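Residue strings, one per chain:
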There are 2 protein chains.
Amino acid sequence: MTSAATTPTAANLPKVELHHKDHRNYPHGVAFMDGQYLPMSEAKVSILDWGFLHSDATYDTVHVWEGRFFRLDLHLDRFFRGMERLRMKLQYSRDEIEEILANCVALSGHRAAYVEMICTRGGSPTFSRDPREAENRFIAFAVPFGSVANKEQLEHGLHIGISESVRIPPQSVDPSVKNYHWLDLVKGLFDAYDKGAETALILEANGNIAEGPGFNVFAVTDGKLKTPAFGVLPGITRQTVFDLCGELDLSVTRGDLACNELKNADEVFITSTAGGIMPVTRVDGVAIGDGVVGDITRRLMDLYWKKHSDPSWSTPVLYR
Amino acid sequence: MTSAATTPTAANLPKVELHHKDHRNYPHGVAFMDGQYLPMSEAKVSILDWGFLHSDATYDTVHVWEGRFFRLDLHLDRFFRGMERLRMKLQYSRDEIEEILANCVALSGHRAAYVEMICTRGGSPTFSRDPREAENRFIAFAVPFGSVANKEQLEHGLHIGISESVRIPPQSVDPSVKNYHWLDLVKGLFDAYDKGAETALILEANGNIAEGPGFNVFAVTDGKLKTPAFGVLPGITRQTVFDLCGELDLSVTRGDLACNELKNADEVFITSTAGGIMPVTRVDGVAIGDGVVGDITRRLMDLYWKKHSDPSWSTPVLYR
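On a predicted model such as this, the values are computed, not experimentally measured, just so you know.

The rules behind the values
- Residues numbered from 1 in each chain as written.
- Chains lettered and ligands numbered in written order.
- Predicted model: local features only at pLDDT ≥ 70, side-chain atom pairs only at ≥ 80, totals over all residues.
- Helix = DSSP H or I, 4+ residues; strand = E, 2+ residues; numbered from the N terminus.
- Rg over C-alpha atoms; globule rule 2.2 N^0.38 Å.
- Contact = placed C-beta atoms within 7 Å.
- Least-squares fit on C-alpha atoms with pLDDT ≥ 70 in both.
- Nonpolar A, V, L, I, M, F, W, Y, C, P; charged D, E, K, R; others polar.
- Pairing = 2+ DSSP bridges.
- Buried ≥ 20, exposed ≤ 12 C-beta atoms within 10 Å, placed from the backbone.
- Domains from an automatic or database assignment.
- Axes fitted to C-alpha atoms, helices over the stretch in contact; angles between N-to-C directions.
- Parallel < 35°, antiparallel > 145°, perpendicular 65-115°, else oblique.
- Expected span 1.5 Å × (residues − 1).

A closer look at the overall build of chain A
Step number 1: Counting its regular elements, chain A contains eight helices and 16 strands.
Step number 2: For 320 residues, the compact-globule formula gives about 20 Å, and the C-alpha radius of gyration of chain A, at 22 Å, lands near that figure.
Step number 3: Once local pairs closer than 6 in sequence are excluded, the contacts in chain A between residues at least 24 apart make up 68%.

Quick look at the structure:
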């Protein structure tokens, strides 16, 4: 190819085609947008949507396990709170969104699903730059359940690398509004890979541990649990650990977690809707405790999965 | 609607449709993706692309004025530098991208165009969560030229509100990598609207002025220009002001710009590819200087637009 812009001879312009042809693979699943249920290959957003162009969006992710949503109410609470803080408004009620999510799962047929609900700023029908004039947009989808840790990592524990990347501070973006601003986390991930680790933790502005790409972290020392308090997403699985600690009579606090405190802990685990409670047995190449999955971590993991069939923690999906 | 998830009776599931129907309006223009030139209504990205889900993308915007790209080389330099810093790689060379951008403009027919080139992380063909395994993706488009300031604001000056929102700091996201992390700027915009202003400036972590949604800012005091140095996008129009100041023998510095320094300046203007050099005559409801567009601002605006036909600053688009 030569440059048409710099070679001023008669240009043969290519044709504008009517329809986009996309040869990518998409996971099996069902999405909802604009009143339609669609295969994942059709679930696309305009590159002019401010959810893409300005990452002006909030979302939440809930999972389905053995045909049951886990703690759907807490995820819906957070999603609606996030929209309110971003001054977004949808034409769907909470009940309607609950039904749409259930329909996506049922239509997908997945008994173990990763389900996402998204509200983007959308765009203005008159192409105004004013976000107050935008029509906000709702998208939902259900795809197969995914986990930060694979089977082997769930058994033997993850190896985490600590990056110097600093999590976007609350003065810039409210971390309680679940958002797609991930470049700090992606940088952390590359830093961790460079160290030979499998995933990353990044810092908050004061140099303490914040969180990782899509997960919170807990350290267990002398039988007591601690998780970062400042500048992190108040994760639903993190909240679930607080609740499980209540049932198991374990002490858990929110506070500053220094890097050394984490490295010298007896046990470490991470929490995410994508995988639940997942053990960490190495940090920056050094074993945590005995280098095996700890007792308290195991007890919490067991109780976490047991709760998935408890009707007060889960809701059945009607598949037909 | 009643909730299928909470009403366990026989559910009539809706149908999964084959194709997405989209009744939105799109601006006239031409996009390029996956080897095709397409109308803007077809330019859509999968909701699973990490450019959307993680705002893991970089981009650049160049404009065409009277059929000529303005300083395209500088925009391409920054775009390629950004991709390198994010560890992204495209299958297109710089010359090929230049040709694609020119084709988008020529096919759109627009003599005044806003042209964007985007690289997203894309996704992994095996649905891995590892960004190293992603196939990065290139998208470009040309739509009608747009401006932060409308005609009346260009004549009489904008009214800007200063928000307490803090621009995402460089320790979190490298501001020299042009990115879509805008929630801090969008918050600033809502704050400014609440004060009755037309657009916003937000702060850097030390409380000085940083930048606004899509623009840099300059203050003129006693004939000397100053623009924030820390934590801001090194804008091409900002760079152009430095270059024009060289030609006009004006003094310009990069440094901390306190809120009061801005408010007490003789002249204020903002700079963006979307509109060029645009005057500001009110900040937080108070007039800047005499409340009219200043002399130095006018001289810079005039020279800025004059440069658009200068072959050493611009490149012609071949329309057919």
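Alright, that's what it looks like, and here's the rest.
Quick notes on the relation of the copies chain B and chain A
Step number 1: Overlaying chain B on chain A yields an RMSD of 0.0 Å, the required transformation being a rotation through 180 degrees with an accompanying axial translation of 0.0 Å. Expressed as a symmetry operation, the mapping of one chain copy onto the other fits a two-fold axis.
Step number 2: Interface residue correspondence from chain B to chain A reaches 100%, placing this contact among same-surface, isologous pairings.

Overview of the interface of chain B and chain A
Step number 1: Across the boundary between the two partners, chain B contributes 80 residues, which contact 80 residues of chain A.
Step number 2: For the side of chain B that touches chain A, the elements supplying multiple residues, two or more each, are strand E1 (30-33), strand E2 (36-39), strand E3 (44-46), helix H1 (50-53), helix H3 (94-108), strand E7 (135-144), helix H5 (183-194) and strand E17 (314-316) of chain B.
Step number 3: Among the elements that take part in the side of chain B that touches chain A, H3 of chain B stands out by supplying eight residues, more than any other.
Step number 4: Residue composition of the side of chain B that touches chain A, grouped by class: 47 nonpolar, 16 polar and 17 charged.
Step number 5: Strand direction decides the pairing type here: strand E3 (residues 44-46) of chain A and E3 of chain B, joined by three bridges, are antiparallel. Following the sheet pairing, Lys44 of chain A is matched in E3 of chain B by Ser46 of chain B.

With respect to the pairing of E1 of chain B
Each regular strand shows side chains that alternate between the opposite faces of the sheet.
Residue and element names in this part refer to chain B.
Step number 1: Burial along E1 is two-sided: the residues Val30 and Phe32 and Ala31 and Met33 are all buried.
Step number 2: As defined by bridge partners, E1 adjoins E2 across four bridges and the pair is classed as antiparallel. Note on E2: the bridge partner recorded for Met33 is Gln36.
Step number 3: The turn joining E1 and E2, which pair antiparallel and follow one another in sequence, is formed by two residues; a positive phi near 55 degrees is taken by Asp34.

Details of the environment of Glu164 of chain B
All names here are of chain B.
Step number 1: As for its placement among the helices and strands, Glu164 is situated in strand E8 (residues 158-166).
Step number 2: Glu164 gets classed as exposed once you count the C-beta atoms within 10 Å, which come to 11.
Step number 3: For the pair Glu164 and Gln36, spaced 128 residues apart in sequence, the C-alpha separation works out to 44 Å.

With respect to the domain arrangement of chain A
Residues and elements named next belong to chain A.
Step number 1: Each domain of chain A was delimited in the assignment, giving domain 1 (30-144) and domain 2 (151-308).
Step number 2: Computed from C-alpha coordinates alone, the two centres of domain 1 and domain 2 are separated by 26 Å.
Step number 3: Counting residues at the interface gives 20 residues for domain 1, matched by twelve residues for domain 2.
Step number 4: Within the residue set of the side of domain 1 that touches domain 2, elements represented by two or more residues are strand E4 (57-65), strand E5 (68-70) and helix H2 (72-85).
Step number 5: Broken down by element, the residue count for the side of domain 1 that touches domain 2 peaks at eight residues, all from E4.

Regarding the packing of helix H6 (residues 236-248) of chain A against helix H8 (residues 295-306) of chain A
Residue and element names in this part refer to chain A.
Step number 1: Two elements in contact, H6 and H8, have axes separated by 10 Å at closest approach and are oriented at 105 degrees. It follows from the interaxial angle that H6 and H8 lie roughly perpendicular. Contacts between H6 and H8 involve Thr240, Val241, Leu244, Glu247 and Leu248 from the first element and Arg299, Leu300, Leu303 and Tyr304 from the second.
Step number 2: When grouped by side-chain class, the residues that make up the contact of H6 with H8 number six nonpolar, one polar and two charged.

Here we look at H3 of chain B
All names here are of chain B.
Step number 1: Compared with the 21 Å implied by 1.5 Å per residue over 15 residues, the 21 Å span of H3 between its first and last C-alpha is a close match.
Step number 2: Buried residues dominate H3, accounting for twelve of its 15 residues.
Step number 3: Within H3 the residues assigned to the buried category are Ile97, Glu98, Glu99, Ile100, Leu101, Ala102, Asn103, Cys104, Val105, Ala106, Leu107 and Ser108.
Step number 4: Next to the buried residues of H3 lie E1, E2, strand E4 (57-65), helix H2 (72-85), strand E6 (113-123) and E7.
Step number 5: A positive backbone phi angle near 80 degrees is found at Gly109, which sits one or two residues after H3.

Quick word on the sheet that holds E17 of chain B
Residue and element names in this part refer to chain B.
Step number 1: The strand order across the open sheet formed by seven strands is E2-E1-E7-E6-E4-E5-E17, and the pairing between neighbours is antiparallel. With one partner strand each, in any of the chains shown, E2 and E17 form the two edges of the open sheet. Going from strand to strand, the sheet's axes swing by 25 degrees on average, the running direction of each strand aside.
Step number 2: Two strands pair when backbone bridges link them, and E1 and E7 are joined in this way by four bridges, in the antiparallel orientation. Bridged to Val30 within E7 is Ala142.
Step number 3: Sitting on the sheet, H2 touches E4, strand E5 (68-70), E6 and E17, and the angle it makes with E4 is about 175 degrees.

So, the environment of Gly123 of chain A
Residue and element names in this part refer to chain A.
Step number 1: By the secondary structure assignment, Gly123 is in strand E6 (residues 113-123).
Step number 2: Judged by the 26 C-beta atoms lying within 10 Å of it, Gly123 falls in the buried class.
Step number 3: On a C-alpha basis, the gap between Gly123 and Trp50 in space is 6.1 Å, while along the polypeptide they are 73 residues apart.
Step number 4: Residue contacts for Gly123: discarding those within four places in its chain leaves Leu48, Asp49, Trp50, Ala134 and Glu135.

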